Structures are given as structure tokens and as C-alpha cells.
Amino acid sequence: QVRLVESGGGLVQAGGSLRLSCAASGRTFSSYAMGWFRQAPGKEREFVAAITWSGGSTIYADSVKGRFTISRDNAKNTVALQMNSLKPEDTAVYYCGAKLGWYSRDSAEYDYWGQGTQVTVAS
């Protein structure tokens, strides 16, 4: 069982930066691949970034590649999403998810989710 709590969202001007954090409970955090997804009003949840259990490999959606960076600290049971050069189209509720095994772009494969944190980018 893994409990996830996101934080760090807020309102930022276009071109600005935010750092999201996801704190996980449970002793087996290091066994889980972690992903960040987002959902804008009226849209489906979409993949943003994911990282393997070791942190040795990451993947990104094309829309955020080069602007966002995912990282994790297994000693602190946290995963972060550094978001730079933010655009209004990045506005959404951001969720972190956990899954056993390899990471995935498919939200249906994730076993646990946080409650989400709102990111709003003003133009």
C-alpha cells in the first residue's frame, strides 16, 4: 500500500517555474515506478513524465520535453517535477501515480494516486 500526497502547485506567470513534490508513505516506495499526469477541465488525464524505481531512466511527453524534469529521492520517499518555461496550456491538476514494475505512459497501469495539486499558468 502506498499513499501519495502532492504539493507545490499554484499560480504562476507564463515563463515562470514551479516545483511539484509528491511524498509517499510506505516502506516499499523504492519498488515503484512513479509518474506525473495532469488533467485540464473537460479533458482526459494525460501523461507528463515518469521515472523508474531506481531513477535511472525517465520519459517525458513531447509537450514538456526540455522544460520539465522528473526526479526522485528514495531515501526521502519523494518524487519531484521541476517545471520551467511554463505555458498557459500547462494549466491543469497534476497527479502523481505509483506502479510496480517498469514505468508507463498509460494512467490505467498505475496502482496508486494522490489527490492532485492545481497548477495555473497565467498569460
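These figures come from a predicted structure and were not determined experimentally. (Residues numbered from 1 in each chain as written. Predicted model: local features only at pLDDT ≥ 70, side-chain atom pairs only at ≥ 80, totals over all residues. Heavy atoms only, no water.)

Asks: What exactly am I supposed to notice about the overall build of the protein chain here?
Replies: Scanning the protein chain for helices and strands turns up zero helices and eleven strands. Scanning the protein chain from its N terminus toward the C terminus, one meets helices and strands in the order β-β-β-β-β-β-β-β-β-β-β. A compact globule built from 123 residues would reach a C-alpha radius of gyration of about 14 Å, and the protein chain, at 13 Å, matches this within 12%. Counting only C-alpha atoms, the protein chain reaches 40 × 25 × 25 Å along its principal axes. Across the protein chain, the fraction of contacts at a sequence separation of at least 24, relative to all contacts at a separation of at least 6, is 59%. (Helix = DSSP H or I, 4+ residues; strand = E, 2+ residues; numbered from the N terminus. Rg over C-alpha atoms; globule rule 2.2 N^0.38 Å. Contact = heavy atoms within 4.5 Å.)

Asks: Would you mind showing me how to read the packing of aromatic side chains here?
Replies: Ring pairs (aromatic) are described by centroid distance and by the angle formed between their planes. Counting across every chain of the model gives six aromatic pairs. Here Phe37 and Trp113 contribute two aromatic rings whose centre-to-centre distance is 5.2 Å and whose plane-to-plane angle is 70°, an arrangement assigned as edge-to-face. Residue Phe37 is located in strand β4 (residues 32-39), and its partner Trp113 is located in strand β10 (residues 112-113); the two are separated by 76 residues in the primary sequence. Residue classification places Trp113 among the partly exposed positions, given a relative accessible area of 28%. (Phe/Tyr/Trp six-rings, centres within 6.5 Å; stacked < 30°, edge-to-face > 60°. Buried < 20%, exposed > 50% of the residue type's maximum accessible area, 1.4 Å probe, protein only.)

Asks: Would you mind going over the nonpolar core with me for this structure?
Replies: One recurring pattern in soluble globular proteins is that nonpolar side chains are buried together. Membership of the largest hydrophobic core comes to 37 residues, with the highest contact counts inside it found for Leu4, Met34, Trp36, Leu81, Met83 and Tyr94. Elements with a minimum of two residues in this core: β3 (18-25), β4, β5 (46-51), β6 (58-60), β7 (68-73), β8 (78-83), β9 (92-100) and β11 (117-122). Among all residues touching Leu4, those that are not within four sequence positions of it are Cys22, Ala23, Ala24, Met34, Cys96, Gly97, Ala98, Tyr112, Trp113, Gly114 and Gln115. (Core = buried A, V, L, I, M, F, W, Y, C linked by side-chain atoms within 4.5 Å.)

Asks: I would appreciate a short explanation of the pairing of β5 in the present structure.
Replies: Taken residue by residue, a regular strand's side chains alternate between the two faces of the sheet. The element β5 is extensively covered by neighbouring structure, given that five of its six residues are classed as buried. The pairing of β4 with β5 spans five bridges and is classified as antiparallel. Paired with Phe37 across the two strands is Phe47, which belongs to β5. The turn linking β4 back onto β5 is made up of six residues, and Gly42 within it adopts a positive phi angle of 80°. Here β5 runs beside β6; their pairing, made up of three bridges, is antiparallel. (Pairing = 2+ DSSP bridges.)

Asks: Teacher, can you tell me more about the sheet that holds β8 here?
Replies: Strands sit in the order β1-β3-β8-β7 across an open sheet of four strands; the sheet is antiparallel. In this open sheet, the two strands that pair with only one neighbour each are β1 (3-7) and β7. Between one strand axis and the next, the sheet turns by 15° as a mean value, whatever way the strands run. In terms of strand pairing, β3 meets β8 through six bridges, oriented antiparallel. Counted as the bridge partner of Leu20 is Leu81 from β8. (Axes fitted to C-alpha atoms, helices over the stretch in contact; angles between N-to-C directions.)

Asks: Where do I start with the state of the cysteines in this structure?
Replies: Simply put, disulfide is the name for a covalent bond between the sulfur atoms of two cysteines. Under the counting rule described, the total for this entry stands at one disulfide. There is a disulfide in this structure between Cys22 and Cys96, and the S-S distance comes to 2.0 Å. Disulfide Cys22 to Cys96: torsion about the S-S bond roughly 50°, handedness right-handed. Within this pair, whereas Cys22 is found in strand β3, its partner Cys96 is found in strand β9, the two being separated by 74 residues in sequence. Each member of the pair, Cys22 as well as Cys96, carries the same accessibility label: buried. (Disulfide = S-S within 2.5 Å.)

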